[in-house]
Amino acid sequence: MKLSGSYQINLEKQKVWESLNDPEILKKAIPGCEEFKKNSDTEFTATATNKIGPFNASFTGEVELKDLNPPNSYKIKGSGNSPVGFATGEATVKLEDCEGGTKLIYNVEANVGGKIAQVGSRLIDMTAKKMADIFFGKFSELIAPELKVFKPDDGTQIQVSMNKSLENLFNKKLVYSLILIFLTFAGYYFLA
Amino acid sequence: MASLVGSRVERKEDKRLLTGKGRYTADINISNQTYAVFVRSPHARAKIKKIDISKALKAMGVVEILTGAEIATDKIGGLIAGWAIRSEDGSEMKVPANPPLAKDSVNFVGEPIAVVFAESLDEAKAAADLVNVDYKVLKGVINTAEAMKGETIHDGIEKNLCYDWLLGDRKAVEEAFAKADKIIKVDLINNRCIPNAMEPRACVVDYNTASEEITLYTTSQNPHLSRLIMSAFGGVAPENKLRVVAPDVGGGFGSKINVYNEEIVCSWASKKIERPIKWVAERTESFLTDTHGRDHVTHAELAVTNEGKFLAFKNETIANLGAYARVFGTVTPTYLFGPCATGVYIIPAAYTNVKAVYTNTAPVDAYRGAGRPEATYTIERLVEKAAMELGIDRTEIRMKNFPTEFPFKQTLVHTVDSGDYVAGLQKAKQMSDYAGFDARRKKSEANGKLRGIGVSSYFEACGIAPSAVVMSLGCGVGLWESSEVRFNPTGQVSVFTGAHSHGQGHDTTFAQIAADELGVGLEAVDVVHGDTDKGTFGMGTYGSRSLAVGGIAIVNACRKIVAKGKRVAAKMLEVSEDEIDFKDGEFIVSKSNKKKTIGEVAFACYLPGSRDSDFKSPLPEGEEPGLIESSFFDPANFSFPAGSHIAEVEIDPETGEVKVEKYTAVDDFGRIVNPLVVEGQVHGGIAQGIGQALHENTVYDETGQLITASYMDYTMPRADNFPDFNLGFTCTHATSNPLGVKGCGEAGAIASPPTIMNAVIDALGGQEITMPATAEKVWKACKVLKKKNAKAA
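Calculation notes
- Residues numbered from 1 in each chain as written.
- Chains lettered and ligands numbered in written order.
- Predicted model: local features only at pLDDT ≥ 70, side-chain atom pairs only at ≥ 80, totals over all residues.
- Heavy atoms only, no water.
- Core = buried A, V, L, I, M, F, W, Y, C linked by side-chain atoms within 4.5 Å.
- Buried < 20%, exposed > 50% of the residue type's maximum accessible area, 1.4 Å probe, protein only.
- Contact = heavy atoms within 4.5 Å.
- Helix = DSSP H or I, 4+ residues; strand = E, 2+ residues; numbered from the N terminus.
- Arc of directions from axis to C-beta.
- Buried area = accessible area lost by both parts, 1.4 Å probe.
- Salt bridge = Lys/Arg side-chain N within 4 Å of Asp/Glu carboxyl O.
- Polar contact = N/O pair within 3.5 Å; in protein donor to acceptor, adjacent residues only side chain to side chain.
- Nonpolar A, V, L, I, M, F, W, Y, C, P; charged D, E, K, R; others polar.
- Pairing = 2+ DSSP bridges.
- Axes fitted to C-alpha atoms, helices over the stretch in contact; angles between N-to-C directions.

Glancing now at the nonpolar core. One recurring pattern in soluble globular proteins: nonpolar side chains tend to sit buried together. Residues and elements named next belong to chain B. The biggest cluster of nonpolar side chains holds 151 residues, and the ones touching the most others in it are Leu 302 and Val 760. Setting aside anything within four residues of it in sequence, one finds Leu 302 in contact with Phe 177, Lys 182, Ile 183, Ile 184, Phe 310, Ala 312, Phe 313, Ile 347, Ile 379, Leu 382, Val 383 and Ala 386. Of all hydrophobic cores here, the second largest spans 48 residues; its members include Val 525, Ala 548, Val 555 and Ala 557.

Here it is as structure tokens:
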């Protein structure tokens, strides 16, 4: 499957870049995340456990950063495994200056397999897209206060484009479960 | 006594099957049984680097976990291809090893790697999730048409090519093509179908530690064949220590011919762990691992004259075998396909070339019709297109090329013993009110709908099959059938058959045959099948063979009973044997009123005690006691059902929905034993074929993930998709068996896909679309048609 989109964050590019490389922020943004480990500057491991439908699944994702060009772009290669299936993929992430902040553009090419593909394939594209939105929503929410701390003298009003309906979705169990399934996808975005 | 053969006897088995009293494999439980769950590959193609079972072994309730390594150590053989096919260049087909548990590599999603046995199903499932398999994922070969260009899946099998097979004469075809007025061409995809038997596969294994016998209860169409394969090739146990029971089986359609990985593994493991084992497939496992059907990519051409005479036919097909070659996998796209691809027509020159390829998808094997639906689809699309392009009526062009004299030596392989194709098509035209179609089309158009009519005429070679022929074509065994008839001392009859009923109604039709032959009531006859410990031997049920082969074995065994009865009756009545006639269950001395019933004779055969000091044995000298006879029947030829089907569809151009408005089927099945059962078979076959034409499609994504692995994504036809089927019959008796029967199990699925597609394409003004003609595809085609019509106006 292929997935692309863009997101506008009302912060300057360098700050977005730094936050997207901060394991603590990312850990909080990933639903059900128990561990988000930075193995090296370019390698991360994430683990999350939760009930996914009828399965009690522990998802482990490996993420590797490639072609780093801070603070402008990089490639993320990721794979996630669980007894209910796997996901692998590559994403290109670009940060561009734009009016009032930074525009984040992502292009993902990913494959899913196992039970996820067999039972839920028709939901994957839609869900992955939703996942991206949810992740960035959460991410923006998380980084906004921190930036206030780091930039107290910045007079501009920080706007976080949080979608309330997405937040509601986030609290629903089904979506929550699917989020875990797509942790791998999320992987691209946390790091982005 | 009225003859039972030919009457609409209600199915004896329906009472138990319809009241929930059927006894299926999953209904069987054995005390102390363990539950098996298989660990399956989530990848289409990968090397197995490491399997770590340590965590799973410690899980609650786990009894044992076995992998391909243990299978290899115990030298348990793999799954087999039953037919050896040769390539055009004379080389043997290439077949990869297919171990019951993958050891080094996996080649389709769902291929089993390990098995967990636990005290409960939940525990087995939970532990299976803990088995950690480390894969090196490789690029899969998925697409049928592109398979020869992909990476080599199996070592040593170049281009992923199993064989490159030719039937017919290329040179003669090219010469005829050069002289043709017109060449009609089609490019076809015969979509892959998943059989979807109502009952998923299952097995229950009971190892007897005292007798060292394994009893395998399983969902099989052919228990004797399963035992033979498991003993001869699997090495699981010698045949006399392996009992295979296929109790009630809820549908097969070809998918339960094969001995599968799970049956071999559980049988072997039961002996190893000395515990009974139960395994029942979940529906997704069925989707992933039952053998699939069809999956051909075909380019075919028909050379014709302007008058509509057929001169020559060529057929270039790529057939997808899936990851491995299975029992009928290699013969389905060759000898079951090629000879029938010239259809019911006189075509002086023809050839069929089939390249069978391996891909990283589930294995493909026989599926209701096996090869013949693909053949019929090919020729009938060509013929319909020829009629359209030449401006000749679609029925007229067919009749012009029908043979009228029988036996008919068909272009490739078969000599068809009997038939009357003209009568069948004429009857179908009349029953469907073919002449009134234009008026109905106008009426549909007035309502904003598109209406189309489609015809297909087919013949098929079934009653598979004469052993000498199938063995010469590469079959690993002769395909005769056996029966044993036991006339019990107290008057009931047990008929043992090697055929297997999984929906065909053998309990009824076979009882009708035996009751007629023996002159006893239907209720006195019990048909026994599905147990290798009962009855002689058998090749099972597929290829519409049960009646035409198995039924005849019953006739012959009954006739042996009557022959012996005659000898005994003669002694009892103190006349010579040729003075006795047998009629309606009585041995009668001609021109006298002296007689004995068959019950009395049977009783006498078992030598009942007598206080008569003058007792004389009723048995002639040299005659053995008892009244049990068996027969092995091997027909001299295939049987050749044929017929013509006509369908009308109505399309709503706004939604693309195709509605089957009328469906008429006229079939020649030879003599019909039970019209009720035959009509049921035809209904089921047509429904299954319409499913393929309009609804069912198997989709693998580009990495080999099956994304139609549940009923959310794989569309099964439903009752409300069909009109009332209008059925008619013509009858020419088969000459290759004493009953004159031909077989009816597959015909509906063979004829209906081209009938429906011809009608859809007719409604779309000749625009070709591929099966299944889903609403989306049809809607798009309607848009194109609208544009075209607007331009023309």
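Let us look at helix α4 (residues 121–130) of chain B. Residue and element names in this part refer to chain B. Along α4, the residues classified as buried are Ala 124, Ala 127 and Ala 128. Seen from one end, α4 has its buried residues packed into an arc of 105°, which puts them on one side. Each element contacted by the buried residues of α4 is listed here: β1 (34–40), α2 (54–57), β3 (62–67) and β5 (112–118).

Let's shift gears to the interface of chain A and chain B. Taken together, the contact pairs 13 residues of chain A with 16 residues of chain B. Roughly 1100 Å² is buried in total at the junction of chain A and chain B, and carbon and sulfur atoms are behind 51% of that figure. In this structure, the connection of chain A to chain B is made through zero salt bridges. Linking chain A with chain B are one residue pair in polar contact (both at pLDDT 80 or more). Within the residue set of the side of chain A that touches chain B, elements represented by two or more residues are β7 (101–113) and α3 (115–150) of chain A. Ranked by residues supplied to the side of chain A that touches chain B, first place goes to α3(A) with six residues. The class makeup of the residues in the side of chain A that touches chain B is six nonpolar, five polar and two charged.

All names here are of chain B. An order of β22-β23-β24 is seen for the three strands of this open sheet, with the pairing classed as antiparallel. Unpaired on one side and paired on the other, β22 (580–583) and β24 (595–597) mark the two borders of the sheet. The average undirected angle you get between the axes of adjacent strands in this sheet is 20°. Of the pairings in the sheet, the one linking β22 to strand β23 (residues 586–589) comprises four bridges and is antiparallel in character. Across the sheet, residue Ile 580 finds its bridge partner in β23, namely Val 589. Strand contacts of helix α16 (residues 598–605): β22, β23 and β24, with the helix running at about 75° to β24, the strand carrying the most contacts.

Moving on: the pairing of strand β26 (residues 642–652) of chain B. Residues and elements named next belong to chain B. Among the eleven residues in β26, ten count as buried, and that is most of the element. As paired elements, strand β18 (residues 450–459) and β26 share ten bridges and run antiparallel to each other. Looking at the pairing, Ser 456 lines up with His 645 of β26. Sheet topology note: the β26/strand β27 (residues 657–668) ladder contains eleven bridges and is antiparallel.

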